[in-house]
Amino acid sequence: MQRVCLIFLIIFICSITVTSQIPAGYYNDAVGKTGEQLKYSLYTIISVHDVCSYANIWTNFYYTDRDANGKIWDMYSGGCNYVYSTDQCVTINYTSECECYNREHSLPKSWFDDANPMYTDMHMIFPADAYVNERKSNYPLGEVTIPTFTSDNGTKVGYNSLSGYSGYAFEPIDEYKGDFARAYLYMATCYHNLVSSWELNGTYADAVFDGTSYPSFEPWFAEMLVRWNAIDPVSQKEVDRNNYIYYNIQHNRNPYIDHPEYVAQIWDAQVTAPSVDGCTAAINIYPVPASGHITIEVSPGFGSYRVTIADITGKPLVVTDVQKSDSLFYLPLSISAGVYLLQVANSEKVITRLITLQ
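Remember, predicted model here, so these are calculated numbers, not experimental data. (Residues numbered from 1 in each chain as written. Predicted model: local features only at pLDDT ≥ 70, side-chain atom pairs only at ≥ 80, totals over all residues. Heavy atoms only, no water.)

(A) Local environment of the side chain of E104. Relative to the helices and strands, E104 is located in strand 3 (residues 101–105). With residues near it in sequence (within four places) discarded, E104 still touches Y76, M124, I125, F126, A128, N133 and K136. (Helix = DSSP H or I, 4+ residues; strand = E, 2+ residues; numbered from the N terminus. Contact = heavy atoms within 4.5 Å.)

Below you can see the structure in the form of structure tokens.
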């Protein structure tokens, strides 16, 4: 049962010391699981949590989102040096950056129909420069090649360059891509029982969600989140924030901050980038995650193909050609543990997957 939490500042200031440790046994039910089973186990672990008022989010920011200089940590702009108590937004008309900061639902609240308990979930609500946030609108996360707007820290708005969605998108800077990805993945997991209905809440929600509880996201978006999680590792900022929210506010955790490897374990098998001609091929890659080898199985008629395994920057590490007679190909691997891009390409199609090696 969800509870409404009351925050007593004096008690928190005087008696609460945030620990960096995950509570013993917190993720026991997730051990040994992958894919949908792992996502559902995490849902049962984190879905029951305290629900705070929207007004209390201002107070929460004082503890969850201050940098080493005591200023509000704003991922949307740069150099504003917001003071917690004096720079909160009280108007709705913004003409430039660094006027004030507001309470931003990184996953737009209209996507879940402004409903509770999502509306006040601190794991995805961040302080944001009001002007940049206004430019962000309700656009999906994406990758923007030619921006129509760029904030002081390099955050961009413009047409998405990734295949699968061509509308307007919001791209955070590389330093925060993982923060945003893990917040979105948390929302799809914590609200596993509700997320299948979110695609109905507007064009942008439909571009992101696929109408299921698993995998929850459209392939292009899932691929991007998995990749962002890999290229921007968990920061101390996220660890500290996650701990404070758990111990002092909601009493649940973002599992993808504690265990970023869960991301690939849940979504790797679901991530297939569209091929060059807009088709997809019947292709299976296993085991997921892999250890020491992978097996690639292609559909009849796929023909000869080239397998390339690259690091997350795109640098090729393994390149091998497979003859058309080999519909089942066993590939030993001697590269170190991590997340890699695997590409299977024949004369007509290019299929890309993210794989995890243990």
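Now, onward.
(B) Layout of helix 2 (residues 35–46). The first and last C-alpha atoms of helix 2 sit 17 Å apart over twelve residues, in line with the 16 Å expected at 1.5 Å per residue. G35, L38, K39, S41, L42, Y43, I45 and I46 are the residues of helix 2 that are buried. In this fold, the buried residues of helix 2 make contact with helix 5 (174–190), helix 9 (255–258) and helix 10 (261–267). (Expected span 1.5 Å × (residues − 1). Buried < 20%, exposed > 50% of the residue type's maximum accessible area, 1.4 Å probe, protein only.)

(C) Structural context of the packing of aromatic side chains. Within this structure, the stated rule accounts for 34 aromatic pairs. Aromatic side chains W111 and F209 sit 5.9 Å apart centroid to centroid with 85° between the ring planes, which places their arrangement in the edge-to-face category. In this pair, W111 is assigned in the loop between strand 3 and strand 4 (125–129) and F209 in the loop between helix 6 (203–208) and helix 7 (219–231), connecting sequence segments 98 residues apart. What makes W111 buried here is its relative accessible area of 1%. (Phe/Tyr/Trp six-rings, centres within 6.5 Å; stacked < 30°, edge-to-face > 60°.)

(D) Expanded view of the sheet that holds strand 10 (residues 305–310). A sheet is described by the order of its strands in space; here four strands give the open sequence 11-10-13-14, paired in antiparallel fashion. The open sheet has two free edges, formed respectively by strand 11 (316–322) and strand 14 (350–357), since each of these has just one partner strand. Sheet twist, expressed as the average angle between the axes of neighbouring strands with direction ignored, equals 20°. Two elements, strand 10 and strand 11, share six bridges in a ladder whose sense is antiparallel. Along strand 11, the bridge assignment pairs Y305 with V322. (Pairing = 2+ DSSP bridges. Axes fitted to C-alpha atoms, helices over the stretch in contact; angles between N-to-C directions.)

(E) Fine view of the state of the cysteines. A complete count under the given rule lists two disulfides for this structure. Residue C89 pairs covalently with C100 via a disulfide, S to S 2.1 Å. Across the S-S bond of C89 and C100 the torsion is about 95°, and the bridge reads as right-handed. With C89 in the loop between helix 3 (56–64) and strand 3 and C100 in the loop between helix 3 and strand 3, this pair connects stretches of sequence that are eleven residues apart. Judged by its relative accessible area of 14%, C89 is buried. C100 gets classed as buried once you look at its relative accessible area, which sits at 8%. (Disulfide = S-S within 2.5 Å.)

(F) Up close: the sheet that holds strand 7 (residues 168–171). Strand order in this open sheet of three strands is 5-6-7, and the pairing throughout is antiparallel. Taken across any chain shown, the strands that pair with only one partner, and hence form the sheet edges, are strand 5 (144–150) and strand 7. Here the average twist between neighbouring strands, direction ignored, is 40°.

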